[in-house]
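Notes for the structure review
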Amino acid sequence: MVAEKVAGKVAPATNQVHGHDTARNSFVVESIDESIVAFATVREKAMSSEPAFGEWRMPLKGTTYGEDIVPCMVEVSQGSPNKYEVDKETGMLVLDRVLHSAVHYPGDYGYIPATLCGDGDPLDLLIISPYSAQEYQGLEPGVVAKCRMVGIMDMEDESGRDEKIIAVLADSRTSAHIESLETIPPHLVREIQHFFENYKVLEKKHGKAKWARVLGWGSRERALEVLRDSRKAYEEKKKEASGRPQRFETDLWAPNMLHVPQRELKDEGVAYAYINVPKGTTTAYSYRHDTSFRHYRFTLDMPSPGDMGFVAQTWDRDNLRPATVQILSGFPLVSECLVKIRFIGALKVTYKDFRGNTVVDRKFIGTPYNDPRTEHVVTLTNINKHIVDHYVRFYEHHNHVSGYHGFKVVARLGAAEALDEIRRFHQQYAEDFPDRKIYNAPNLWCLPWGFNETSDTNASFLNAVIECPKGDCNKYEFNKEFGSLVLERPLHSATHWPGNYGFIPQTVAEDGRPVNVLVLSNHKLNEFSLCNVRVMGALLCLDERGPDLKVVAVPKKEPRMSEWTDVGVIPKHLKDEMENFFNTYKSLELSWRFCKVQRWVSRDETMSYLRLAHTRFFLFVLPMERVDHRLKKLEDENVALKSRLRLQPKL
């Protein structure tokens, strides 16, 4: 095929930062878009095994740490059966597999970056949270947390030695008493060992049974020894790779969501906000622009009453950060998405900082601009006074946990006053940030469309990018300009996604966008994650833009659905549920919008359609993407040249 010839020209990229070639077991074997490689590179360069990488903000000079403090890249939330991994070739979360047994992770699970163990992977770490006064929600996959090591579990599996560091969150008040294995509740120790000895019992690899064996437990001192050895092994492997060609010879900047352009703020009063903490979450995260990751800050005793984040292209010069906002929404938004909001007011507050200085701050409140459930809310007086009081109590508690004191609300600003303040912060941003470009935003549309050992384009295993998790009530779309999910709209009906909705990379549908896919699963999949799926067929729909084929698939590594090979085996009620959803989910939207299911499409017919959509991508979309990219480069070079000429002294 034409697609094969074009794709075959690009050599697979290797993992230089981790010091070994991961192409043999990577989710993607080649990249046709340099933004993906660049994004993965900057994320790898940002990672470190040093404690400073685990901080929620850039640490001050002279900050010191104990030798038992390490950062953890969280891949799996406590209580989840979905095993995710950070893919070194894309920098994205990838669903490695759904655990085959009826088990879940007994703690937040991840790894210490820039380390290397006997199995060829970084040093694993399990964050435990024995008990607290409320339900522990677990850390979200893809975040970074600063941890304190308390011991180690020595084990091996079919791949080799596989030690697990046992740790607690370094700044957690509820885990401050845990200093060694002896201070962990005895049953939790037995539970952890039982999990790791049994979670692979039903799994196979290349036809052979997987296995894991716990060899014993070690002290904090033993954990430190293993950490030092893994750091040394990583550095040695890195030196071996130092002579190989690098992906990029120049330094790269991480994509910074602070710079998302505000094209409607001046005239319409509508602005983009970036979500750090979803509504209902008790964990506080902070976005670090130098790493592009969210970092764990602390755990609260009450959930966030709204979706919490910051307003892009704003800068509070007095407090040296962007404007913070709470979003009053009908349904919680997913983490790390962008949402257009209207401002309905703000709380002007004061408090004392660590030095006893009085700080003046503003806590903005907004609503999604396209949410029909809140379109009647234009200012704070339009909502129940109790709701505003609840925001006040939340911020008072948040301020207390942050270590500040003397929190007071000195004024409640209306919508017009809040918008004036936002525009003032936007002006301060424009004055303080001359370079407002978002560097290296990954264009996930250009990810390879499938992964299999034979590169057979007839295979039904393809990659899917998840935009809307199963059960969610919002419609998100990937934005290639920002490299992020954007809230397209909340669903207007009392409906939710019957599966995980997203798109298949390197495909083009009739409407000029990637082909959509609905991934069925027992447990919801993470938004903005990658999943290798097995195509079963499709639903052919007709909407306001014309024919719209919605591929139906299941995760390749979900054993409970291994017999689901065609739409004919899907339970009738589940098929009826999907049909009913797509027939009705646009019913309350604009009168010209509609969706009607026409028929079910077989697997073979679906794959024929996808192969055609895949070819269209290489014939039409990819060349235009590259022309676009080259034009933007020339524009940037032109701006830089003009800037240099202005700075040159006149003769």
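Here, every reference points to the structure presented above.
Residues numbered from 1 in each chain as written. Predicted model: local features only at pLDDT ≥ 70, side-chain atom pairs only at ≥ 80, totals over all residues. Heavy atoms only, no water.

Moving on, we come to helix 3 (residues 186-198). Taking 1.5 Å of rise per residue, the 13 residues of helix 3 would be expected to cover 18 Å, and the 19 Å separating its terminal C-alpha atoms lies within 8% of that figure. Inspection of helix 3 places L188, V189, I192, F195 and F196 among the buried residues, and these make up the whole buried set. Looking straight down helix 3, one finds its buried side chains confined to an arc of 130°; they lie on one side. Residues of helix 3 that are exposed and point more than 90 degrees away from the buried face comprise P186, H187, R190 and H194. (Helix = DSSP H or I, 4+ residues; strand = E, 2+ residues; numbered from the N terminus. Expected span 1.5 Å × (residues − 1). Buried < 20%, exposed > 50% of the residue type's maximum accessible area, 1.4 Å probe, protein only. Arc of directions from axis to C-beta.)

Under the definition given, this model contains 5 cavities of 30 Å³ or more. One number sums up the size of the largest cavity: a volume of about 370 Å³. Together, 26 residues line the largest cavity, and R43, Y274, S292, E336 and F528 are the ones closest to its centre. Grouping the constituent residues of the lining of the largest cavity by class yields 14 nonpolar, 7 polar and 5 charged. (1 Å grid on protein atoms, 1.4 Å probe; cavity = no way out; pocket = protein on both sides within 12 Å on 5 of 7 lines; lining within 4 Å. Points joined across faces, edges and corners; volume = space filled by probe spheres on them. Nonpolar A, V, L, I, M, F, W, Y, C, P; charged D, E, K, R; others polar.)

Mapped onto the fold, S80 is located in the loop between strand 1 (69-76) and strand 2 (82-86). The sequence separation of S80 and H104 amounts to 24 residues, and the corresponding C-alpha distance is 5.1 Å. Those residues in contact with S80 that sit more than four places away from it in its chain are H104 and Y105. Among the polar contacts listed, one links the side chain of S80 to the backbone nitrogen of N82, at a separation of 3.1 Å. (Contact = heavy atoms within 4.5 Å. Polar contact = N/O pair within 3.5 Å; in protein donor to acceptor, adjacent residues only side chain to side chain.)

A few words on helix 7 (residues 415-432). For helix 7, built from 18 residues, the straight-helix expectation of 26 Å at 1.5 Å per residue is met to within 8% by its first-to-last C-alpha distance of 26 Å. Residues A415, A418, L419, E421, I422, F425, Q428 and Y429 constitute the buried set of helix 7. Elements that come into contact with the buried residues of helix 7 comprise helix 5 (265-268), strand 15 (307-311), strand 17 (337-352), strand 18 (358-368) and strand 19 (405-413).

Turning our attention to the environment of P185. In this structure, P185 sits in the loop between strand 8 (164-169) and helix 3. The class of P185 is partly exposed, set by a relative accessible area of 21%. Considering only alpha carbons, one finds P185 and P130, 55 residues apart in sequence, at a separation of 7.2 Å.

Below, the discussion takes up the nonpolar core. Core analysis: the largest hydrophobic core is formed by 65 residues, its most contacted members being F364, L520, I570, M578 and F582. Of the residues forming this core, the biggest block, 5 residues, is contributed by strand 17. Those residues in contact with M578 that lie beyond four places of it in its chain are P498, L518, L520, L539, V552, I570 and W600. By size, the runner-up hydrophobic cluster in this structure holds 48 residues, among which are A223, I365, V392 and V401. (Core = buried A, V, L, I, M, F, W, Y, C linked by side-chain atoms within 4.5 Å.)

A word on the side chain of S304. By secondary structure assignment, the location of S304 is in the loop between strand 14 (294-299) and strand 15. Among the residues examined, S304 registers a relative accessible area of 3% and is labelled buried. Polar side-chain contacts of S304 include one of 3.3 Å to the side chain of Q326. Not counting residues up to four positions away in its chain, the partners in contact with S304 are V277, P278, K279, G280, T281, Q326 and F394.

With 5 of its 6 residues buried, strand 3 (residues 93-98) lies for the most part within the structure. Between the end of strand 2 and the start of strand 3, which pair antiparallel, lie 6 residues, with G91 showing a positive phi angle near 75°. Pairing of strand 3 with strand 25 (residues 529-543), which is carried by 2 bridges, proceeds in the parallel orientation. Its bridge partner lying in strand 25, V94 is registered against L530. (Pairing = 2+ DSSP bridges.)

So, to be careful, I would describe these as geometric facts and stop short of saying anything about function.
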